[in-house]
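# Coordinate analysis (summary)
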Amino acid sequence: MQFVDLKKQQERIRADIEGRISAVLDHGKYIMGPEVGELERLLADFCGVEQAVGCASGTDALLMALMALEVGPGDAVYTSPFTFISTAEVISLLGATPVFVDIDPRTFNIDPNLLADSIENGPPDGLKAKAVITVDLFGLPADFDPIRQTANEFGLYIIEDAAQSFGAEYKGRKACALGDITCTSFFPAKPLGCYGDGGMCFTDDEKLDAAMRSIRVHGKGREKYDNVRIGINGRLDTVQAAILLSKFSIFPEEIQLRNEAAHRYALLLEGGDFTLPFTPEHSTSVWAQYSILAQSQGHRTEVMAKLKEGGIPSAIYYPKPLHMQTAYANLGHDPEDFPVSKDCSERIFSLPMHPYLTEEDQQAVADALLAG
Ligand SMILES: *Cc1c(COP(=O)(O)O)cnc(C)c1O
C-alpha cells in the first residue's frame, strides 16, 4: 500500500503528460513558456482570484508574498507553530520575527480567539505587527472570517499558506481566495502536485501582483536588466506547468475521490480509540493528509508499529512544533507555551490518503487500527 499513490494517477494521464512535455521540447521555451501563463489563468479562474503568479516552490511563493508586502527586520508576523517549517522560515529569512499562536485542537489550524488575544496584547518588545500567515493544515481552510476581522481591526495583511489546501472551500469561497496573498505548493505529494518543485501566489491586488512578478525575476523593472528591487530566481519551469495542466484536467474529480476516501475512513474508524478529523459545516477539505489523534504518545507508537507490521505506511505531521525546533531556540520558548500544538504533535499521525485508495486498503488500515 502506498501512502500517496502517484503511479495510479500517472497511469490515467501518462499519454497526455507525454504529449504536453513533447510540446515543450518542440517549442523550446523552457523558461516562462506559454504553459506558465496558461496555467496561471486557469488556476486563477478556478480559485476565483484575479491574478496567479507561478513560482519555483511553495516556499518561494511564501517568500515572494512577504517580500511584496515589504516584510523585514522589526516586523512581527503571526502564525501557527503547528505547520511545516517553510511557513515560519520565510519570515526569519527576511529578518522579521515569527510570533506563534496556538491552534484549535479540532481543526489543527490557528485559533482565531488566541490570535485576537495575542494581537491585542501587542507584539514582543520593539516589534511592529505586520501580517498574519494562516495555514490551511491537512487541506482544511483556517477559520478565515474572524481572522480577517482581527487583521482589519489592526491593519495587518493576511497571507494564506494554502500549500495543502488548493481546491478546498470556506463558506463558498475557494482556498487561495482568502488571503491578501495566498500561496500554494505543487510539490509532488500535495493535492495538486507536479513532478518536481513548483508553487503559485494568488492575489486580487494589482500592485501586489506586479511586485511578485518582478520579485520572481530578480526584481526586474520594465526590462530584464533593469532591476528596481531585490528579488529572487523564483520562476515556475515550463515543463512543470505543462505537467500541471495535464494533472489539473482530472483534479476536480480527484477532490471528489479524496472526499469519498475520507468519508469511508470516518465510517470505518468510528467508535475506535482515535479522534477523527473534524470538518466544520461551512468548509470542505482536500485531504492533503488524513490525520487522526491517538490517546497518548505511547498509544501512537503502538498503533503505528501495528500498521507497519501489516505493510501499511503511516507518517507523523508534525512530530515537533516550530516553537520547539532548535532553529527557533532563539525565540526562547518553553514547550508548554503552545500546549495544544505540543499535545497534538505527541498524538497525531496520518494514514494513507490519495484519490486511488481502494475500499480494501482502507478496510485493512481500519482492521490494523482497531485490532485489540
Ligand atoms: C509543503 C508546504 C510548504 C512548502 O512548499 P514547498 O513547495 O515544498 O516549498 C509550505 N507550507 C506548508 C504548510 C506545506 O505543507
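Now for a look at the structure at hand. (Residues numbered from 1 in each chain as written. Predicted model: local features only at pLDDT ≥ 70, side-chain atom pairs only at ≥ 80, totals over all residues. Heavy atoms only, no water.)

### Looking at the sheet that holds strand β6 (residues 169-170)
- The strand order β7-β6-β10 describes an open sheet built from 3 strands, whose pairing is antiparallel. If you trace the sheet from one side to the other, it starts and ends with β7 (173-174) and β10 (283-284), each paired once.
- The pairing of β6 with β10 spans 2 bridges and is classified as antiparallel. Each residue of the ladder has a partner; that of E169, found in β10, is T284. (Pairing = 2+ DSSP bridges. Helix = DSSP H or I, 4+ residues; strand = E, 2+ residues; numbered from the N terminus.)

### Focus: the pattern of salt bridges
- Taken as a whole and assessed by the stated rule, the structure comprises 15 salt bridges.
- D16 is paired through a salt bridge with R20; the nearest N and O atoms lie 3.0 Å apart. Highlighted residues: D16 and R20, both in helix α1 (residues 6-27), separated by 4 residues, approximately one helical turn.
- For D16, a relative accessible area of 33% gives the class partly exposed.
- Residue class for R20 comes out partly exposed when judged on its relative accessible area of 27%.
- Notably, a salt bridge pairs E346 with K342, separated by 3.0 Å at the nearest N-O pair. (Salt bridge = Lys/Arg side-chain N within 4 Å of Asp/Glu carboxyl O. Buried < 20%, exposed > 50% of the residue type's maximum accessible area, 1.4 Å probe, protein only.)

### A word on the sheet that holds strand β1 (residues 51-55)
- A sheet is described by the order of its strands in space; here 7 strands give the open sequence β1-β9-β8-β5-β4-β2-β3, paired in mixed fashion. The open sheet has two free edges, formed respectively by β1 and β3 (97-100), since each of these has just one partner strand. Across the sheet, the mean angle separating the axes of adjacent strands is 25 degrees when strand polarity is ignored.
- One ladder, built from 5 bridges, connects β1 with strand β9 (residues 199-203); its direction is antiparallel. Bridging from a neighbouring strand, V53 pairs with C201 of β9.
- Those strands touched by helix α6 (residues 144-154) are β4 (128-135) and β5 (157-161), and its axis lies near 150 degrees from that of β5. (Axes fitted to C-alpha atoms, helices over the stretch in contact; angles between N-to-C directions. Contact = heavy atoms within 4.5 Å.)

### Brief notes about α6
- Those residues of α6 not exposed but buried are F144, I147, T150 and A151. Buried positions in α6, seen along its axis, are confined to an arc of 130 degrees and lie on one side of it. Along α6, the residues that are exposed and aim more than 90 degrees away from the buried face are Q149, N152 and E153.
- Contacts made by the buried residues of α6 are with α5 (112-120), β4, β5 and β6.
- Looking one or two residues beyond α6, the residue adopting positive phi is G155, at roughly 65 degrees. (Arc of directions from axis to C-beta.)

Functional significance is not addressed by these values, which are geometric in nature.
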